[in-house]
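What the coordinates show
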Amino acid sequence: MAGVKFEQAMARLEAIVGELEKGDLPLDESLRIFEEGIRLSKNCLRILEDAERKVEVLVQEQNGKKRIHAFTQADEMEEKSPSEEQSEE
Amino acid sequence: MTGPGSDLVKTTLPRQIFTVTQLTAFIRTALETDFADVWIEGEISNLRAPGSGHVYFSLKDKASQIRAVLFRSAAIRLLFGLREGMHIVARGRLTVYEPRGEYQIVLETMEPKGVGALQVAFEQLKGRLAKEGLFDSAKKRSLPLFPKSVGIVTSLSGAAIRDMLSVLHRRWPLLHVVIAPVPVQGEGAGHQIAAGVQCLNEDGRVDVIIVGRGGGSQEDLWSFNEEVVVRAVAESRIPVVSAVGHEIDVTLTDFAADVRAPTPSAAAEIVVPVLSETVARLRSLTMRAAQIVSRHCRSEQRRLEASRLKLRHVRFRLQLEAQRADEVVARLTDGLSSSLLAHKRSLDRINGTLIEHSPLDKINRGLVVIPLLVERLHHQIRAVTSHRRHQVQSAIAQLHNLSPLSVLGRGYAIVTIGAGTVVKKIGDISSGDEVRTRIVDGQFDCLVRRVVPDGSV
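Please read these numbers as outputs of a predicted model, since none were measured by experiment. (Residues numbered from 1 in each chain as written. Chains lettered and ligands numbered in written order. Predicted model: local features only at pLDDT ≥ 70, side-chain atom pairs only at ≥ 80, totals over all residues.)

1. Section: the overall build of chain B
A tally of regular secondary structure across chain B gives 12 helices and 14 strands. For chain B, the share of sequence-separated contacts (at least 6 apart) that also reach a separation of at least 24 residues comes to 61%. (Helix = DSSP H or I, 4+ residues; strand = E, 2+ residues; numbered from the N terminus. Contact = placed C-beta atoms within 7 Å.)

2. Here we look at the overall build of chain A
Across its full length, chain A holds 3 helices and 2 strands. For chain A, the succession of helices and strands along the chain, N to C, is α-α-β-β-α. Here chain A, with 89 residues, has 22% of them falling under the buried criterion. (Buried ≥ 20, exposed ≤ 12 C-beta atoms within 10 Å, placed from the backbone.)

3. Quick notes on the nonpolar core
V150, I179, L200, I209, I210 and V233 of chain B are the most contacted members of the largest nonpolar core, which totals 55 residues. Sort the elements by how many residues they give to this core and helix α6 (residues 189-203) of chain B lands first, with 6 residues. Leave out the neighbours within four places in its chain, and I179 of chain B touches V55, E56, V57, L58 and F71 of chain A together with I152, L156 and I161 of chain B. (Core = buried A, V, L, I, M, F, W, Y, C linked by C-beta atoms within 7 Å.)

4. Observations regarding the sheet that holds strand β5 (residues 102-112) of chain B
All names here are of chain B. Judged by pairing direction, the barrel is mixed, and its 5 strands sit side by side in the order β1-β2-β3-β5-β4 before closing back on the first. Pairs of neighbouring strands in the sheet enclose a mean axial angle of 55°, with direction left out of account. Of the strand pairs in this sheet, strand β1 (residues 38-48) and strand β4 (residues 87-97) are connected by 6 bridges, and their pairing is antiparallel. Opposite E43, over in β4, you have H87 as the bridge partner. (Pairing = 2+ DSSP bridges. Axes fitted to C-alpha atoms, helices over the stretch in contact; angles between N-to-C directions.)

5. Overview of the interface of chain A and chain B
Opposite the 46 residues of chain A that make contact, chain B presents 47 residues. For the side of chain A that touches chain B, the elements supplying multiple residues, two or more each, are α1 (2-22), α2 (27-50), β1 (54-60) and α3 (73-79) of chain A. Looking at the side of chain A that touches chain B, the element that brings in the most residues is α1 of chain A, giving 12 residues. When its residues are assigned to classes, the side of chain A that touches chain B shows 22 nonpolar, 8 polar and 16 charged. By the bridge criterion, 4 bridges tie β1 of chain A to strand β7 (residues 176-181) of chain B in an arrangement that is parallel. Paired with V57 of chain A across the bridge in β7 of chain B is I179 of chain B. (Nonpolar A, V, L, I, M, F, W, Y, C, P; charged D, E, K, R; others polar.)

6. A look at α6 of chain B
If you check α6 of chain B, its first and last C-alpha atoms are 21 Å apart, about what 15 residues at 1.5 Å a residue would give, namely 21 Å. Listed as buried for α6 of chain B are A189, G190, Q192, I193, A194, G196, V197, C199 and L200 of chain B. Elements in contact with the buried residues of α6 of chain B: β1 and β2 (66-70) of chain A together with β6 (149-154), β7, β8 (208-213) and α7 (227-235) of chain B. (Expected span 1.5 Å × (residues − 1).)

7. Things to note about the sheet that holds strand β13 (residues 434-439) of chain B
Residue and element names in this part refer to chain B. If you trace the 4 strands from one edge of the open sheet to the other, you get β12-β11-β13-β14, paired in antiparallel fashion. Each having just a single partner strand, β12 (421-422) and β14 (442-447) make up the two edges of the open sheet. Taken together, the 4 bridges between strand β11 (residues 414-417) and β13 define a ladder with antiparallel strand orientation. The partner of T416 across the bridge, within β13, is R436.

8. A few points about unusual backbone geometry
Phi is mostly negative for residues that are not glycine, and the peptide bonds are mostly trans. Of note, N46 of chain B is a non-glycine position whose phi angle comes to about 55°, a positive value. Looking at the element boundaries, N46 of chain B is found in strand β1.

9. A few points about the packing of α2 of chain A against helix α10 (residues 275-356) of chain B
Axis separation between α2 of chain A and α10 of chain B bottoms out at 10 Å; the angle between their running directions is 160°. With respect to each other, α2 of chain A and α10 of chain B are oriented roughly antiparallel. Here α2 of chain A runs over α10 of chain B; the crossing is left-handed. Across the interface between the two elements, L27, S30, L31, F34, G37, I38, S41, C44, L45 and L48 of chain A from α2 of chain A touch V279, L282, L285, T286, A289, V293, H296, C297 and E300 of chain B from α10 of chain B. Here the residues of the contact of α2 of chain A with α10 of chain B sort into 13 nonpolar, 5 polar and 1 charged. (Parallel < 35°, antiparallel > 145°, perpendicular 65-115°, else oblique. Left-handed = near helix turned anticlockwise from the far one by under 90°.)

10. Let's talk about the environment of D136 of chain B
Inspection of the secondary structure assignment puts D136 of chain B in the loop between α4 (117-132) and β6. According to the C-beta neighbour criterion, D136 of chain B is exposed, with 12 such atoms within 10 Å.

11. What about the packing of α6 of chain B against α7 of chain B?
Residue and element names in this part refer to chain B. Interhelical geometry of α6 versus α7 gives an angle of 10° and a closest axis separation of 8 Å. Considered as vectors, α6 and α7 are oriented roughly parallel to each other. Together, G190, H191, I193, A194, V197 and Q198 of α6 and V228, V229, A232 and V233 of α7 make up the contact between the two elements.

12. Quick word on the pairing of strand β2 (residues 55-60) of chain B
Residues and elements named next belong to chain B. By the alternation rule, side chains of β2 split into V55, F57 and L59, which are all buried, and Y56, S58 and K60, of which none is buried. As defined by bridge partners, β1 adjoins β2 across 4 bridges and the pair is classed as antiparallel. Looking across to β2, one finds that E43 is bridged to K60. Counting the residues between successive antiparallel strands, the hairpin from β1 to β2 contains 6 residues, one of them, G53, with a positive phi of roughly 95°. Two strands pair when backbone bridges link them, and β2 and strand β3 (residues 65-70) are joined in this way by 6 bridges, in the antiparallel orientation. When the sheet's bridge partners are listed, S58 is paired in β3 with R67. Between β2 and β3, which pair antiparallel and follow one another directly, the connecting turn spans 4 residues.

13. Overview of the confidence of the model for chain B
Residue and element names in this part refer to chain B. When pLDDT is averaged along chain B, the result is 86; 95% of the residues meet or exceed 70. The weakest mean pLDDT in chain B belongs to helix α1 (residues 4-11) at 54; the strongest belongs to β8 at 96. For this predicted complex, the interface confidence comes out at an ipTM of 0.72, alongside a pTM of 0.55. (pLDDT = per-residue confidence, 0-100.)

14. Some details on the pairing of β8 of chain B
Residues and elements named next belong to chain B. Most of β8 is tucked away: 6 of the 6 residues are buried. Of the two faces of β8, the one holding V208, I210 and G212 and the one holding I209, V211 and R213 are both buried throughout. Taken together, the 4 bridges between β6 and β8 define a ladder with parallel strand orientation. Residue G151 lies in a different strand from β8, and its bridge partner there is I209.

Here it is in structure tokens:
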């Protein structure tokens with residue numbers, strides 16, 4: 001899951017910055033993890049760029065099959081049953 | 001009363017005889033007509049729930065009791081469980097159980113006296129599920145920090161879904177949302193909500209699920225207290241955020257969820273971070289890392305430079321020290337020879353003085369001088385001796401001249417009185433004194449007859 005990858009990358013990036021801030025690493029090691037951090041941050045940005053806004057409606061049919069369709073304003077009307085939601089908000 | 005009861009009285013007159021069944025039927029009709037809809041309050045006793053699903057018990061108070069039956073259809077609609085001794089308020093109709101000739105009340109609905117039925121049901125189910133461990137805090141999972149995809153189980157109508165979508169997309173514009181549309185109140189809603197949660201779990205694409213609805217009455221929210229919903233939420237493999245009603249509304253789904261959000265909008269805020277903040281954080285992290293590393297590089301460079309400078313300095317100092325050493329050696333040599341020279345000079349001087357004062361010289365000179373001195377000494381002694389002899393001779397002559405005896409030679413005499421005191425003045429004697437007179441070649445004693453001082457004549 002991209003979400004997990006992103007989360008791990010962010011966590012690793014934070015850890016790298018923390019490690020660098022401690023300042024007790026030899027220079028070559030700092031440079032090595034710095035490069036890793038830059039790579040991670042680029043990956044994170046790419047994950048964000050690649051994300052696509054999408055709202056889907058997942059419907060379980062009577063026969064047990066699932067149906068997915070994009071969410072539209074029409075969905076709101078379609079699903080509304082007269083007895084329901086009268087008192088809601 | 002105008003029911004069959006009064007008819008019965010009238011019809012006794014012609015001695016009409018009823019069969020048991022007939023009478024029972026009359027009574028039943030009478031009771032069912034007059035007590036078709038009654039409210040009753042009492043305490044449950046003799047509770048029996050056989051396999052048929054019907055529930056039998058007696059309702060009693062201090063003085064009386066009445067048989068009561070709750071048929072299966074009504075029993076399953078009951079939200080709370082019946083207990084022996086429970087005080088209830090119920091609504092039903094009277095009827096007669098003809099095989100035994102017993103009248104009983106058939107209850108349609110009932111609720112606990114004092115508290116609402118829902119409340120009691122809530123507490124009972126809560127207790128039971130808690131005992132099962134469905135609400136254990138150890139079971140709670142933490143939510144993903146950056147969900148790529150969010151599932152929502154709610155109704156497609158109503159404000160809740162619109163609020164959630166709006167908050168979700170405001171915070172994280174590129175979010176993928178999967179909605180499982182369900183009715184959120186009414187008959188069967190619970191099963192559909194549970195199915196929605198399961199459906200999203202089977203679908204497997206979402207990282208977190210929001211289950212909820214907007215505000216409503218306790219009855220409206222009741223579906224979220226249904227066991228089937230609570231179990232589905234507790235069993236969900238994907239972390240669940242509950243968002244039922246408003247802040248003050250608490251449902252069993254809230255207890256089973258991993259996180260309880262006070263409202264649907266709040267749930268949306270909980271599940272996704274703000275994209276712009278995340279990007280800013282990402283940038284700031286990268287920048288900080290770059291700053292630290294470049295600072296590190298600069299400081300290492302400075303250290304290197306400093307080391308090189310130090311090295312150069314050391315070489316320079318080595319040269320300087322060598323030079324100083326040379327100088328010191330030279331000065332030492334110089335100093336040494338000059339001080340040697342000085343010492344030699346003063347030694348020479350002392351030596352000269354020493355030689356100057358050598359007794360040998362004196363001795364040498366003495367050997368020459370002594371005979372001369374001796375000669376001079378002799379000469380002087382001789383001179384002195386002759387001089388002295390001369391002096392002595394003249395002194396003797398003088399002495400000779402000065403001797404009174406020499407004077408006496410010239411006719412003078414010396415007169416002494418007493419033991420030899422020379423009479424020099426006339427006052428020294430008086431008449432009658434005996435005096436001795438010495439002349440040059442002897443002496444004689446005289447008696448003073450008269451004393452005549454000069455001038456007294």
